[in-house]
Amino acid sequence: MAARSELGVYLSARRAQVTPADVNLPATGHRRVPGLRREEVALLAGVSADYYVRLEQGRERTPSAQVLDALAAALRLGDDGRLHLFRLAGVGPRTTAAAVPGRVEPSLLALMDAWPHNPAIVYNRAYDVLASNATADALFHGWTHSRNLMHIVFTDPAARAFYRDWHEVARNSVAGFRLGHGAAPDDPRVRQVLAELLGASPEFAELWSRHDARGKALERKRFAHRDVGPLTLTMQTFDVRSAPGQELVVYHAEPASPSADALALLGSLTAGPLAASPPRPGL
C-alpha cells in the first residue's frame, strides 16, 4: 500500500475511534460509524471539508506540518500517534529497510546477566527476542512456543492464562508493532511477522484494523506462572542506542511483595548463559 493511501486509512481509522462527546460536539443525526464525521474533523482541525476528504482519499499529497499538528489534536493523538501520522505523511523520519542488527552488544548482555531477580529481554521491531537473561527464560517458560513475543500473545494457546489481562496486552502489543511498522514498513522480518499474524489470528487482524500506534512505556503486567503462581511486574522499556530498532525491557516487582518472593523463587529455578542469537525465520 502506498504511503499516501496509508495516511488516508490511518486518518479514517482514527476518526472512527473519537466520538463527538470526546471533543464536545453534539451527536446529531444518523451516523454510519460511532466516530466523527469527516466534516467534523475538518472543523476541529481548521481546514475545509473538501481538503480533508482529499487527504483521506489520497488526492492531497502535501499536508503541511501545521495541518498535521491540527489533525493530531483533532483526533486526540498522543505523542506516538502523532509521530506515526507525520511518518505516514512523509514528514517524519523513516528508517531504511535494513534489518535490525541481530547481535546484542556483549556489554549489554553482561549487564542483563547481572540482574538475577529482574527478567530482561532485548527484542527487535518484529518483536523477535534477540537476548534474554536466565530469569526471563524462566518467566517465559523457556520460550517453548516461540521467541517472538507477538506469536506468543496471539498464537500460543496458553497465552490467555499466562497473561492475566490478555486483552490489554494484546491491544498494547499491536499498537507497539504498528509503531515499529510505521518506522520501517519495508523491514522484511516485520513484513513476514505481520503476514503470519494476519493469517493466523483473527484477534490480531481485528486489532490491526484499528490503526492504534503507541510505543511501550512504564506499565504493569499481571502473569499467572505455572511454577510460581501469580506475579504483578512493572516493566521499563529503553531504546538500545547502539542498535537502532532494538529495545531493552526490564521487569521488576514491588519490594517485599508476594510478587517479589515469586520472582526470587523463579530466579532460583534456572541458571544458565544468556541466550543471544539472531531470530530464526521460522519463529
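The structure reproduced in this document is the subject of the present report. Predicted, not measured: the structure shown is a model, and the values here were computed from it. (Residues numbered from 1 in each chain as written. Predicted model: local features only at pLDDT ≥ 70, side-chain atom pairs only at ≥ 80, totals over all residues. Heavy atoms only, no water.)

### With respect to the side chain of Asn124
Thinking step 1. Examined against the element boundaries, Asn124 turns out to sit in the loop between strand S1 (120–123) and strand S2 (129–132).
Thinking step 2. In this structure the side chain of Asn124 is engaged in a polar contact, spanning 3.1 Å, whose partner is the backbone nitrogen of Ala126. (Helix = DSSP H or I, 4+ residues; strand = E, 2+ residues; numbered from the N terminus. Polar contact = N/O pair within 3.5 Å; in protein donor to acceptor, adjacent residues only side chain to side chain.)

### Considering helix H10 (residues 166–183)
Thinking step 1. Compared with the 26 Å implied by 1.5 Å per residue over 18 residues, the 26 Å span of H10 between its first and last C-alpha is a close match.
Thinking step 2. Among the 18 residues of H10, 14 are classified as buried, and the element is accordingly described as predominantly covered. (Expected span 1.5 Å × (residues − 1). Buried < 20%, exposed > 50% of the residue type's maximum accessible area, 1.4 Å probe, protein only.)

### Looking at the nonpolar core
Thinking step 1. Within the largest apolar cluster, 41 residues are counted, with the highest numbers of intra-cluster contacts made by Phe140, Leu149, Met150, Phe154, Tyr163, Phe177 and Phe204.
Thinking step 2. The next biggest cluster of nonpolar side chains, apart from the first, holds 27 residues, and it includes Val23, Leu36, Leu88 and Ala89. (Core = buried A, V, L, I, M, F, W, Y, C linked by side-chain atoms within 4.5 Å.)

### Regarding the pattern of salt bridges
Thinking step 1. Applying the stated criterion across every chain yields a total of 14 salt bridges.
Thinking step 2. Across the pair Glu60 and Arg54 runs a salt bridge whose closest N-O atoms are separated by 3.8 Å.
Thinking step 3. We classify Glu60 as buried; its relative accessible area is 13%.
Thinking step 4. Residue Arg54 is classed as partly exposed on the basis of its relative accessible area, which comes to 22%.
Thinking step 5. Notably, a salt bridge pairs Arg160 with Glu203, separated by 2.7 Å at the nearest N-O pair. Placement of Arg160 in helix H9 (residues 159–162) and of Glu203 in helix H12 (residues 202–208) is noted, with a sequence separation of 43 residues between them.
Thinking step 6. Overall, Arg160 belongs to the partly exposed group, its relative accessible area being 42%.
Thinking step 7. The structure contains a network of salt bridges with shared partners spanning Arg14, Arg210 and Asp212. (Salt bridge = Lys/Arg side-chain N within 4 Å of Asp/Glu carboxyl O.)

### A look at the pairing of S2
Thinking step 1. Note: S1 against S2, 3 bridges, orientation antiparallel. Counterpart to Tyr123 in the pairing with S2 is Val129. (Pairing = 2+ DSSP bridges.)

### Quick word on the pairing of strand S3 (residues 219–225)
Thinking step 1. What you see with S3 is a clean split: Glu219, Lys221, Phe223 and His225 sit on the buried side and Arg220, Arg222 and Ala224 on the side with no burial.
Thinking step 2. Bridging between S3 and strand S4 (residues 229–239) involves 7 bridges; their strand directions are antiparallel. In the sheet register, Arg220 faces S4, and the bridge partner there is Thr234.
Thinking step 3. Two successive antiparallel strands, S3 and S4, enclose a turn made up of 3 residues.

### Thoughts on empty space enclosed by the protein
To locate leftover empty space, one rolls a probe as large as a water molecule over the atoms.
Thinking step 1. Under the definition given, this model contains 2 cavities of 30 Å³ or more.
Thinking step 2. Around the largest cavity, the lining comprises 14 residues; the ones closest to its centre are Leu149, Tyr163, Ser173, Lys216 and Lys221.
Thinking step 3. For the lining of the largest cavity, the per-class residue count stands at 11 nonpolar, 1 polar and 2 charged.
Thinking step 4. As a volume, the second largest cavity reaches approximately 50 Å³.
Thinking step 5. Every residue along the wall of the second largest cavity is listed here: Asp165, Glu168, Val169, Asn172, Glu219, Arg220, Lys221 and Arg222.
Thinking step 6. For the lining of the second largest cavity, the elements supplying multiple residues, two or more each, are H10 and S3.
Thinking step 7. The dominant element in the lining of the second largest cavity, judged by the number of residues it contributes, is S3, at 4 residues. (1 Å grid on protein atoms, 1.4 Å probe; cavity = no way out; pocket = protein on both sides within 12 Å on 5 of 7 lines; lining within 4 Å. Points joined across faces, edges and corners; volume = space filled by probe spheres on them. Nonpolar A, V, L, I, M, F, W, Y, C, P; charged D, E, K, R; others polar.)

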